[in-house]
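Topology and contacts: notes
The chain contents come next:
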Amino acid sequence: GAGVSQSPRYKVAKRGQDVALRCDPISGHVSLFWYQQALGQGPEFLTYFQNEAQLDKSGLPSDRFFAERPEGSVSTLKIQRTQQEDSAVYLCASSPTSSRETQYFGPGTRLLVL
Amino acid sequence: GIQVEQSPPDLILQEGANSTLRCNFSDSVNNLQWFHQNPWGQLINLFYIPSGTKQNGRLSATTVATERYSLLYISSSQTTDSGVYFCAVVERGGGADGLTFGKGTHLIIQP
């Protein structure tokens, strides 16, 4: 079946612009995760949803980062007033029920802030 | 939070060689996954292995949860095995719900 998909695959933004990144999880997966991967580093956890409930947002780096999953399926990660340090690959993952199970990753959105 | 250390950081081998990658973690876990990140950035699931031993073709993995380490074995390496290998865990009983990743092992297989 279809895996996790993300759009856009590439995004260039001017400093100060708002951006929205979309994630379509595997159909039927309850849990959804967002990660940020800086160049040459491992991914870092941002936030976790179970259905539409955002249960953990401990990794969001600032209040400029906001995520939602209003109907428990598609999720959007929004970054307001982008800064150069926000340049990274943003990865989405989903799992059938919880974080204790295998997480399946999407291809990522590569964000470049100029 | 939990700490994840991977070794070696870099590994260069000839095609056909075998290799062992190690992952140490600082606390109990209820999820441990090994990934291969290909040159296009896609994270490919290799194993879900919070404990025990699994094998898939030329790859196998062992996690000794009581001693807080996991090993990934690659036999008869091929050039397509090149890339970065990540170990990632979810801490049991607290901490973030997401995976905590190590810094990865950068593997280069030369023809």
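Our next topic: the sheet that holds strand E7 (residues 65-68) of chain A. All names here are of chain A. What the four strands build is an open sheet, ordered E1-E3-E8-E7; its pairing is antiparallel. Strands at the two margins of the open sheet, each flanked by one partner only, are strand E1 (5-7) and E7. Across the sheet, the mean angle from the axis of one strand to that of its neighbour is 15°, orientation sign disregarded. Sheet topology places strand E3 (residues 19-24) next to strand E8 (residues 75-79); five bridges connect them, and they run antiparallel. Paired with Ala-20 across the two strands is Lys-78, which belongs to E8.

Each side of the interface is counted separately: chain B has 19 residues, and chain A has 21 residues. Carbon and sulfur atoms make up 48% of the surface buried where chain B meets chain A, a total of about 1,600 Å² over both sides. Here chain B is connected to chain A by zero salt bridges. Between chain B and chain A we count ten residue pairs in polar contact (both at pLDDT 80 or more) in total. Secondary-structure elements contributing two or more residues to the side of chain B that touches chain A are strand E4 (29-37), strand E5 (43-48) and strand E9 (83-91) of chain B.

So, on to the state of the cysteines. Put plainly, a disulfide is one covalent bond tying together the sulfur atoms of two cysteines. Tallied over the full model, the rule gives two disulfides over all chains. Across the disulfide, Cys23(A) is cross-linked to Cys92(A) (sulfur-sulfur distance 1.8 Å). Looking down the S-S bond of the Cys23(A) and Cys92(A) bridge, the torsion is -65°, so its handedness is left-handed. Of this pair, Cys23(A) sits in strand E3 while Cys92(A) sits in strand E9 (residues 88-95), placing them 69 residues apart in sequence. The exposure classification of Cys23(A) matches that of Cys92(A), with both residues buried. Shown here is the disulfide that connects Cys23(B) with Cys87(B), its sulfur atoms set 2.0 Å apart.

Moving on: the nonpolar core. Burial of nonpolar side chains together is a common tendency in soluble globular proteins. By size, the foremost hydrophobic cluster in this structure holds 21 residues, and its most contacted members are Phe25(B), Leu32(B), Trp34(B), Leu72(B), Cys87(B), Val89(B) and Leu107(B). Listed by contribution, the elements that provide at least two residues to this core are strand E2 (10-14), strand E3 (19-25), E4, strand E7 (59-64), strand E8 (69-74), E9 and strand E11 (105-110) of chain B. Filtering out sequence-adjacent residues up to four positions away, Phe25(B) remains in contact with Ile2(B), Gln3(B), Leu32(B), Thr63(B), Arg68(B), Tyr69(B), Ser70(B) and Val89(B). By size, the runner-up hydrophobic cluster in this structure holds 20 residues, among which are Val4(A), Leu32(A), Leu60(A) and Val113(A).

About the cut-offs
Residues numbered from 1 in each chain as written. Chains lettered and ligands numbered in written order. Predicted model: local features only at pLDDT ≥ 70, side-chain atom pairs only at ≥ 80, totals over all residues. Heavy atoms only, no water. Pairing = 2+ DSSP bridges. Helix = DSSP H or I, 4+ residues; strand = E, 2+ residues; numbered from the N terminus. Axes fitted to C-alpha atoms, helices over the stretch in contact; angles between N-to-C directions. Contact = heavy atoms within 4.5 Å. Buried area = accessible area lost by both parts, 1.4 Å probe. Salt bridge = Lys/Arg side-chain N within 4 Å of Asp/Glu carboxyl O. Polar contact = N/O pair within 3.5 Å; in protein donor to acceptor, adjacent residues only side chain to side chain. Disulfide = S-S within 2.5 Å. Buried < 20%, exposed > 50% of the residue type's maximum accessible area, 1.4 Å probe, protein only. Core = buried A, V, L, I, M, F, W, Y, C linked by side-chain atoms within 4.5 Å.

Nothing here speaks to function; it is geometry throughout.
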